[in-house]
Amino acid sequence: MNINSYESYRNSDFEDLAQLLSNINYDSHIHSIRSILDVFEVYTWISNPDIVMHNIDETHFEGKLKEYIGTSIGKQTPDALLDAFITDGIDAQGKLPLLYEMYSVYNLWGQVSPSNFRRLIDSEYVDLHLILGDKKLVRIFDEILYNYLRTNTKNIFNIFLLVREKILGNKNLFLPRNFKNNDSFQIVLEHYLSNIDNIGFTNRDIILLDFIRTFKNTAFPVDASVRLQVEKTIEDYWQTQDPFTKNTYGFEFITATNISAEFVVDKEMSKFIVNKSWLDSLPEDTLLFYIIDQFTVDSCQRPNIVSDLFIAKKDLGFIEIFKDISDKENYKNIFQFEGWKHLVDVAITGFEGYLTKRGTTFELLFFDYFNIQINSQFEIPGFSMERIDPSLSIDIRIKLLCIELESLIKQFDLFTKYERIDLRALKYTNPLDFSEVQSLKKNKYVSVDREKLFRSNHFSVQEKNVFKFFSYVEKVQISKNFYARLASDDIISDVSSTLFSRQELAYLNFTLNNKEYSDSLAIRNMYLHGSTKHLSKQEHHMNYIHVLTVFLITISEIDSEFFFIHQRKLDLLKEQTKGFL
């Protein structure tokens, strides 16, 4: 039986699938595990109440398919089917979740021999998230899973990840009965620490380990020696992560003509390369958005500085484990990929040096944008930014940039409320709260539950990739059909109409103030309150780069807002004058 993808049948309104189901000889049976899983996949579509399948009598076919699959399974043993699945390498077709679900639906796990289950969990087809998410399955193979979690080091990353998630409160995961109230968690933790070099230690692993510092749970004890080992591992790692270490990060000019600029990231070297000839050819009034386009936003207008750029494809199912952990007052627990941030810092530093050689600065480009370009491009007068003298000391420039940033966002807020900017009204505005500044676009941001999305069979790979590195997107960037299906499948977690996205707000609050995070940089507060005398020249420069990054994000969002309403005005004018042309 040849089953195509769900999407291909959806596009034909399921007529082809209805014909296929009608032609099945239900008195026969299916021989191969591959074909059984194909038919079971169709059964999951039909039995799902959230899926409306036109042209198909779902009630009629649901019972017939379930019996047909059950009869076919009954002709062989669950052990034989499982053996065929592993031996034939069937998961190349992405059928692994279907296998686990089918064995649960037809209560087959209890008929699988212990030796065959051990073979499964020792193979490449083990999916611990699916296994530990099935309480009945865990209870059937309780002792085997207990020993597996305590002794397996080949799959230690996923073991540690899921055990960690469970003990931090995930009620949808289940551990073997004897895993509590002994040294089991500590053994897993020790295996994780001893295999760090093998799994490739990254910033992600630091975030996973960091919670141990304050973790206290009598059911999962960790002794002082292991805590000290965790502490030392974290400290040793961060000492190697100097963002200006030439062996790790770099900015490079090239002369090739086939590219404009790009990031190059590998295990040994991460660098930003830019075509200097291309850059030299740009007029000065286009430099700012050339720079923004290179690294501050992706094709959907999202800043890469708040993305999950380094998440490997195999880790997509675990994204929310990193995001939604208990200690939400620590920004580094949310902003997990410090390496990307360092690379952006180096890129901005490289552009800073280039602009200086060209006789300008970021501050002068910002001044030109707000005082001249907004009015000339969008016919919106009134924005005002003070010119910041590049000869001033860097600490003074940071302080002035923070003041101007706050004023400019307040000016935008005035425009959203009154459709004009009266600078005299600034003295009556409340202290700035970034989260209160509204967008000119209604329902601007759509946030999704990425774990649900990536586990769903109802969306194409291309659609899922929209949220591969971000949990949100601007609504105008996706089709109405895509949005409707996200809503229908209850995958949308939030819709908001603020100027900045939730991830951008987190980054802005972390960088500028200590309102939300205990580990924030609080640059705005430090410099405006005179608390920077102890900082070194390099620390001042890093803070300067951070503030420039915030400015670039802000300009990107404001420009996107004004382009939107300007385009809407042009479309309206075109519609009104259509009959006169």
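Because the structure is a prediction, the values reported are computed rather than measured. (Residues numbered from 1 in each chain as written. Predicted model: local features only at pLDDT ≥ 70, side-chain atom pairs only at ≥ 80, totals over all residues. Heavy atoms only, no water.)

A. Examining the nonpolar core more closely. Residues L65, M102, F117 and F185 are the most contacted members of the largest nonpolar core, which totals 76 residues. Among the elements that line this core, the one with the most residues is helix α3 (residues 33-47), at nine residues. Counting residues in hydrophobic clusters, the runner-up holds 70 residues, among them I292, L405, I409 and Y445. (Core = buried A, V, L, I, M, F, W, Y, C linked by side-chain atoms within 4.5 Å. Buried < 20%, exposed > 50% of the residue type's maximum accessible area, 1.4 Å probe, protein only. Helix = DSSP H or I, 4+ residues; strand = E, 2+ residues; numbered from the N terminus.)

B. Representation of the side chain of E557 in the model. Note on placement: E557 falls in helix α27 (residues 537-576). Discounting chain neighbours no more than four positions away, the residues touching E557 are Q301, K444, Y445, E474, L499, F500 and E504. (Contact = heavy atoms within 4.5 Å.)

C. Spotlight on the pattern of salt bridges. Per the stated rule, a full pass over the model turns up 17 salt bridges. K417 is the partner of D413 in a salt bridge, and the nearest nitrogen-oxygen pair spans 3.1 Å. Here the residue D413 and the residue K417 both occupy positions in helix α21 (residues 394-418), the gap between them amounting to four residues, near one helical turn. With a closest N to O distance of 3.7 Å, E451 and R455 form a salt bridge. With E451 and R455 both in helix α22 (residues 450-455) and four residues apart, this pair spans about one turn of that helix. Note on E451: relative accessible area 23%, which makes it partly exposed. Taking relative accessible area as the criterion, R455 reaches 39% and is therefore assigned partly exposed. (Salt bridge = Lys/Arg side-chain N within 4 Å of Asp/Glu carboxyl O.)

D. Local environment of the pairing of strand β4 (residues 445-448). Neither face of β4 is left uncovered, since the one carrying Y445 and S447 and the one carrying V446 and V448 both have all their residues buried. Bridging between β4 and strand β5 (residues 472-474) involves three bridges; their strand directions are antiparallel. By the bridge assignment, Y445 is partnered in β5 with E474. Pairing analysis gives four bridges linking β4 to strand β6 (residues 492-496), with the strands arranged antiparallel. Residue pairing across strands places S447 opposite D494, the latter belonging to β6. (Pairing = 2+ DSSP bridges.)

E. Inspection of helix α6 (residues 96-105) at higher detail. L96, L98, L99, Y100, M102 and Y103 are the residues of α6 that are buried. Count one or two residues on from α6 and you reach N107, which has phi positive near 50°.

F. Main features of the packing of aromatic side chains. Throughout the structure, instances matching the rule amount to 23 aromatic pairs. Aromatic pair Y100 and W109: ring centres 5.7 Å apart, planes at 45°, arrangement tilted. Each member of the pair, Y100 as well as W109, carries the same accessibility label: buried. In textbook terms, an aromatic cluster arises when at least three aromatic residues are bridged by ring pairs, as seen for F289, Y369, F370, F378, F383, F412, F415 and F562. (Phe/Tyr/Trp six-rings, centres within 6.5 Å; stacked < 30°, edge-to-face > 60°.)

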